[in-house]
Amino acid sequence: LDSPQKPFEWFRQKCPRSKPLEENKEELRVKYGEAKEAGAKANDARQQIQYLKQTIENLRREQAVDGLLPGAFEEKAPAALQADVERFQKEEDSLKGEIDLLKRTHQEGFTKLRRLKKEIEQIQRMMEKCRANIQTDFDRWYTKMLDTSQEPRKKLGASGEKRLPYLTGNQEADADIMAFY
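Owing to the predicted nature of the structure, the values given are computational and were not obtained by experimental measurement.

Reading guide: rules and limits
- Residues numbered from 1 in each chain as written.
- Predicted model: local features only at pLDDT ≥ 70, side-chain atom pairs only at ≥ 80, totals over all residues.
- Heavy atoms only, no water.
- Helix = DSSP H or I, 4+ residues; strand = E, 2+ residues; numbered from the N terminus.
- Buried < 20%, exposed > 50% of the residue type's maximum accessible area, 1.4 Å probe, protein only.
- Contact = heavy atoms within 4.5 Å.
- Polar contact = N/O pair within 3.5 Å; in protein donor to acceptor, adjacent residues only side chain to side chain.
- Salt bridge = Lys/Arg side-chain N within 4 Å of Asp/Glu carboxyl O.
- Core = buried A, V, L, I, M, F, W, Y, C linked by side-chain atoms within 4.5 Å.
- Phe/Tyr/Trp six-rings, centres within 6.5 Å; stacked < 30°, edge-to-face > 60°.
- Arc of directions from axis to C-beta.
- pLDDT = per-residue confidence, 0-100.

Enquirer: What am I meant to see in the overall build of the chain here?
Expert: The secondary structure content of the chain amounts to four helices and zero strands. For the chain, the residues scored as buried account for 25% of the 181 residues in total. Across the chain, contacts joining residues at least 24 apart in sequence account for 68% of those joining residues at least 6 apart.

If you want it as structure tokens, here you go:
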């Protein structure tokens, strides 16, 4: 019992509070994976939105160069001019529709990230509390073990002085404690 590290590892493995801690660790890993995936989708949507906005700008520049915007020189025949205007307008409307869909995707991803952040923080708080409880339980147990080893109890009916560890009264736990010594 000189170094508390080895007894702590043994205690942590035997402590019933360790199971929820391990479950929370696994749940945290899953939530981190979900958050990473949601973040990637939101970023991809944002990048695609930027690309489509740039495409619309390029389309408008092309229209301006071709003289298809209102107020531009009207050198083409009205029917040809109208067909070109309609073609450019359809392309722009299509791109705007894609942008709207991507904006919804981005917003959904961002909302999911916000929700996951709250869940992750809650799990982290639960893990911190669980770790603190395990540490407190260990400190109490370890202190009792040190006290017991410094003031050995004599086995009833035995002539020699054999040191016995502090026993809990629980047969399974006592057997584990005795196995440790």
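Enquirer: Is there a simple way to explain the side chain of Lys31 in this structure?
Expert: Topologically, Lys31 is positioned in helix α2 (residues 18-66). At a separation of 2.7 Å, a polar atom in the side chain of Lys31 contacts the side chain of Glu119. Each residue touching Lys31, except ones within four places of it in the same chain, is listed here: Leu116, Glu119, Ile120 and Ile123.

Enquirer: Just to check I follow, could you spell out the environment of Asn43 for this structure?
Expert: Looking at the element boundaries, Asn43 is found in helix α2. Exposure remark for Asn43: the relative accessible area of 37% places this residue in the partly exposed category. Between the alpha carbons of Asn43 and Phe110 there is a distance of 9.2 Å; along the sequence they are 67 residues apart.

Enquirer: Sorry, what's going on with the pattern of salt bridges here?
Expert: A side chain of one charge can pair with a side chain of the opposite charge if their charged atoms are brought near each other. Inspection of the entire model under this criterion finds 12 salt bridges. Measuring nitrogen to oxygen at the nearest pair gives 2.6 Å for the salt bridge that ties Glu92 to Arg60. Taken together, the residues Glu92 in helix α3 (residues 78-150) and Arg60 in helix α2 connect sequence positions 32 residues apart. Judged by relative accessible area, which is 6%, Glu92 ranks as buried.

Enquirer: Got a minute to help me understand the nonpolar core in this structure?
Expert: One recurring pattern in soluble globular proteins is that nonpolar side chains are buried together. By size, the foremost hydrophobic cluster in this structure holds 18 residues, and its most contacted members are Phe11, Ile134, Phe138 and Trp141. Residue assignment for this core shows that the elements contributing at least two residues are α1 (5-14), α2 and α3. The element contributing the most residues to this core is α3, with 10 residues. Setting aside residues up to four positions removed in sequence, Phe11 forms contacts with Ile134, Asp137, Phe138 and Trp141. Counting seven residues, the second largest nonpolar core, distinct from the first, contains Ile49, Ile56, Leu95 and Leu102.

Enquirer: Even after reading the chapter, I still don't get the packing of aromatic side chains, so can you show me in this structure?
Expert: What characterises a pair of aromatic rings is the spacing of the ring centres plus the angle enclosed by the ring planes. The tally for this structure, following the rule as stated, stands at six aromatic pairs. Look at Phe8 and Phe138: their rings are 5.0 Å apart centre to centre, the planes differ by 85°, and that puts the pair in the edge-to-face class. Highlighted residues: Phe8 in helix α1 and Phe138 in helix α3, separated in sequence by 130 residues. There is no split in this pair, since Phe8 and Phe138 are both buried.

Enquirer: What's the story with the environment of Gly109 in this structure? I'm lost.
Expert: Along the polypeptide, Gly109 turns up in helix α3. The class of Gly109 is buried, set by a relative accessible area of 9%. Spatially, the C-alpha atoms of Gly109 and Ala35 are 8.9 Å apart, while their sequence positions differ by 74 residues. Every residue in contact with Gly109, bar those within four places of it in the chain, is listed here: Ala38 and Ala42.

Enquirer: Explain α1 here, please?
Expert: Helical geometry note: an α-helix holds 3.6 residues per turn, so side chains three or four residues apart project in the same direction. Of the residues making up α1, those classed as buried are Pro7, Phe8, Trp10 and Phe11. For α1, the buried positions fall inside an angular range of 165° around the axis, keeping them on one side. Structural note: α1 exposes Lys6 and Gln13 on the side pointing more than 90 degrees away from its buried face.

Enquirer: Mind showing me how you'd approach the confidence of the model for the chain here?
Expert: Should the pLDDT be low somewhere, the predicted coordinates at that spot are not to be read in detail. Summarising the model, the chain shows a mean pLDDT of 82, and 75% of its residues fall at 70 or more. Ranking the helices and strands of the chain by mean pLDDT puts α2 first, with 92, and helix α4 (residues 171-180) last, with 70. Across residues 152-160, where pLDDT falls below 50, the model places nine contacts with residues more than four positions away in sequence or in other chains.

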